[in-house]
Amino acid sequence: MAEASSAHTALATWLSARLRAQPGQPLGTALAQALRDGVLQGALAGGQRLPSTRWLGERLGVARNTIVAVYAQLTDEGVLVAGLGSGTFVSQALPARVPASPTEVAPHATQAPLLSARGQRYQNHPIHRFWSKEPFCPGGFDASLFPQALWNRLLAQSLRQTDAGLLGAGEPGGAPALRIAIAEHIRTSRGVRCEPRQIIITDGTAQSLELIARLLCDPGDRVWVENPCYWGASQTLSDLGLQLEPLDVDDDGLPLPPSRTALRPRLAYLTPSHQFPTGAVMPLARRLQWLAHAREHGLLLVEDDYDSEYRYTGKPFPSLLGLDNEVDGGEHVLYLGSFSKTMYPGIRVGFMVVPPTLAEVFGQASADFYRDGDQLVQQGLARFMAEGHYATHVRALRREFGARRQALVAALHQHLPQLITPEGPLRLLGGERGVHLTLGLPDAVDDQALALACRAQGVTVVPLSVYCVGNIHCGLVMSFAASPIDQLEALVARMAPALRQCLS
Ligand SMILES: Cc1ncc(COP(=O)(O)O)c(C=O)c1O
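Everything numeric in this text was worked out from a predicted model, so none of it was measured. (Residues numbered from 1 in each chain as written. Predicted model: local features only at pLDDT ≥ 70, side-chain atom pairs only at ≥ 80, totals over all residues. Heavy atoms only, no water.)

A. Molecular detail of the site of the ligand. Around the ligand, the surrounding shell consists of Gly204, Thr205, Tyr230, Tyr269, Phe276, Asp304, Tyr306, Ser338, Ser340, Lys341 and Arg348. Contact between the ligand and Tyr230: an oxygen atom at 3.3 Å from a side-chain N or O atom of the residue. Within the contact set of the ligand, an oxygen atom lies 3.1 Å away from a side-chain nitrogen or oxygen of Lys341. Isolated, the ligand exposes 400 Å² of accessible area, and the fraction of that covered by the protein chains is 89%. Its atoms largely coinciding with the cavity grid, the ligand occupies the largest pocket. Each residue belonging to the shell around the ligand can be placed in one class, and the counts come to four nonpolar, four polar and three charged. (Near = heavy atom within 4 Å. Polar contact = N/O pair within 3.5 Å; in protein donor to acceptor, adjacent residues only side chain to side chain. Areas by Shrake-Rupley, 256 points an atom, 1.4 Å probe, with all protein chains shown as cover. 1 Å grid on protein atoms, 1.4 Å probe; cavity = no way out; pocket = protein on both sides within 12 Å on 5 of 7 lines; lining within 4 Å. Sits in = over half its atoms within 2 Å of the grid points. Nonpolar A, V, L, I, M, F, W, Y, C, P; charged D, E, K, R; others polar.)

Below you can see the structure in the form of structure tokens.
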């Protein structure tokens, strides 16, 4: 009788070794896995008869019921088939043999799937060589400045609400309470007049841009962009098939396009309040010129107002959208905001203000494409804003970041006095705003090599050239958001020798 055949004995021995090698796993699960592997790897041939459940149970010291259940499961999966009379067999419908181990696999089959041209462009982008969690890398966060206990309390209050609505999908466009709070905040702080329904909550700037590109552009459409440009924006827009038309920024931000150009872009992406990364601030006259240009050419201006809360001297300049509201109903500007720099980067809440005529389709598409975001966080943030904590928190941050900026500038002057002069090779670019500052370098300097030399000293500065999407400009971008004031001087002292050596 085949029961005691050498094939069955060998199978029992092999299964027993597999079970011993996987202690702690439920017996039935381990046994099913072992038999499945045996079949898929070709150790058990198609059509081979398996031992009876009683015989195998006795040999393995496993209850017969367990073997019965394993055979039934593998029969359901199609790994085994029940014979006509009696007996269980390995299915013959499975492919001849799945390679048993990675070393046996054909070389082409082990390679990861090939990245698309777009995927390779992403993977090879030089910015990845410089991004880190060290000071002065942009995107950092100083948790000691965040009112964690207060925030936790507000979130806990939202959590305690028994409103089941918080657990379901939200309203298209975001939590109504948050949209009301944001509309009120940007009315007072940025001169923007809009209805809450025009505010679309997203998980940040890239998603806002993606929604704009998906709904308002077709692949191949052109977009004016700043050169250098925020990587999150240039990457998103070009990945969605838009053709970037870079314009070199000057001390006043994005210049108007040449008057004779035949190009008719659909959008212009700009950061007029504090150009990222050069820090240029666009004066009122140029803002008005851009608005007039947009009206004349049917262009939409995408105003990324990512850090306008942080200005340390003078009055804030009105936002483009605020100006457009005054003159022409705000139909020419899509305004982008983010809570990454005023709350914390992981909050993943941003928003955009769209013209009234587009409010409904943007809300609907946002819900369809990305769902509605975390309703608890949106409720918590709405309360944080409505109860006045946000305004207080931002005021405190503005004071602290203003002091940090001053200290950083002082440290740069202290350690690089001959280099940072109006005629020197190092220029402090931009206005007294934001949480980063940029050192301009002569274009002949290899800013990437210089950044790597700073990196070797534990200081991460991002070379300006990696943000360039047209002509290359050189410099170093450094954020002071994550570095306490008393550490700034020591950090500059660490990077200063590399700068002196490079520029000497
Ligand atoms: C120019 C610019 N826009 C927007 C953002 C914020 O992006 P997000 O909302 O995706 O965090 C940043 C953050 O660094 C930025 O530099």
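From this point, the discussion proceeds with the structure in view.
B. Geometry of the side chain of Ser308. With respect to the helices and strands, the residue Ser308 is situated in the loop between strand 7 (300-304) and helix 12 (320-328). You can call Ser308 buried: its relative accessible area is 11%. Polar contacts involving the side chain of Ser308 include one to the side chain of Arg190, which spans 3.1 Å. Of the polar contacts made by the side chain of Ser308, one reaches the side chain of Asp305; its length is 2.9 Å. In this view, Ser308 contacts Arg190 and Ser273; residues no more than four positions away in its chain are not counted. (Helix = DSSP H or I, 4+ residues; strand = E, 2+ residues; numbered from the N terminus. Buried < 20%, exposed > 50% of the residue type's maximum accessible area, 1.4 Å probe, protein only. Contact = heavy atoms within 4.5 Å.)

C. Quick peek at the layout of surface pockets. Size it by volume and the largest pocket reaches roughly 910 Å³. Considering the residues around the largest pocket, the lining is formed by 39 residues, among which Gly139, Tyr230, Ser340, Lys341 and Arg348 are closest to the centre. Only helix 9 (205-216), helix 10 (231-239) and helix 15 (389-415) provide two or more residues apiece to the lining of the largest pocket. Grouping the constituent residues of the lining of the largest pocket by class yields 21 nonpolar, 13 polar and five charged. Split by domain, the lining of the largest pocket shows at least three residues from each of two domains, domain 2 (144-391) and domain 3 (400-503). (Points joined across faces, edges and corners; volume = space filled by probe spheres on them. Domains from an automatic or database assignment.)

D. Representation of the domain arrangement of the protein. For the protein, the domain assignment lists domain 1 (2-90), domain 2 (144-391) and domain 3 (400-503). Domain 1 and domain 2 are separated by 61 Å when their C-alpha centres are compared.

E. Spotlight on the pattern of salt bridges. Taken as a whole and judged by the stated rule, the model has 15 salt bridges. Two residues, Arg121 and Asp239, come together in a salt bridge whose shortest N-O distance is 2.8 Å. Residue Arg121 is located in helix 6 (residues 117-124), and its partner Asp239 is located in helix 10; the two are separated by 118 residues in the primary sequence. The partner of Arg190 in a salt bridge is Asp305, with the nearest N and O atoms 2.6 Å apart. Separated by 115 residues along the polypeptide, Arg190 in helix 8 (residues 176-190) and Asp305 in the loop between strand 7 and helix 12 bring together distant segments of the chain. On the basis of relative accessibility, which here comes to 5%, the residue Arg190 falls in the buried class. We classify Asp305 as buried; its relative accessible area is 5%. Residues participating in the shared-partner salt-bridge network are Asp142, Glu400 and Arg404. (Salt bridge = Lys/Arg side-chain N within 4 Å of Asp/Glu carboxyl O.)

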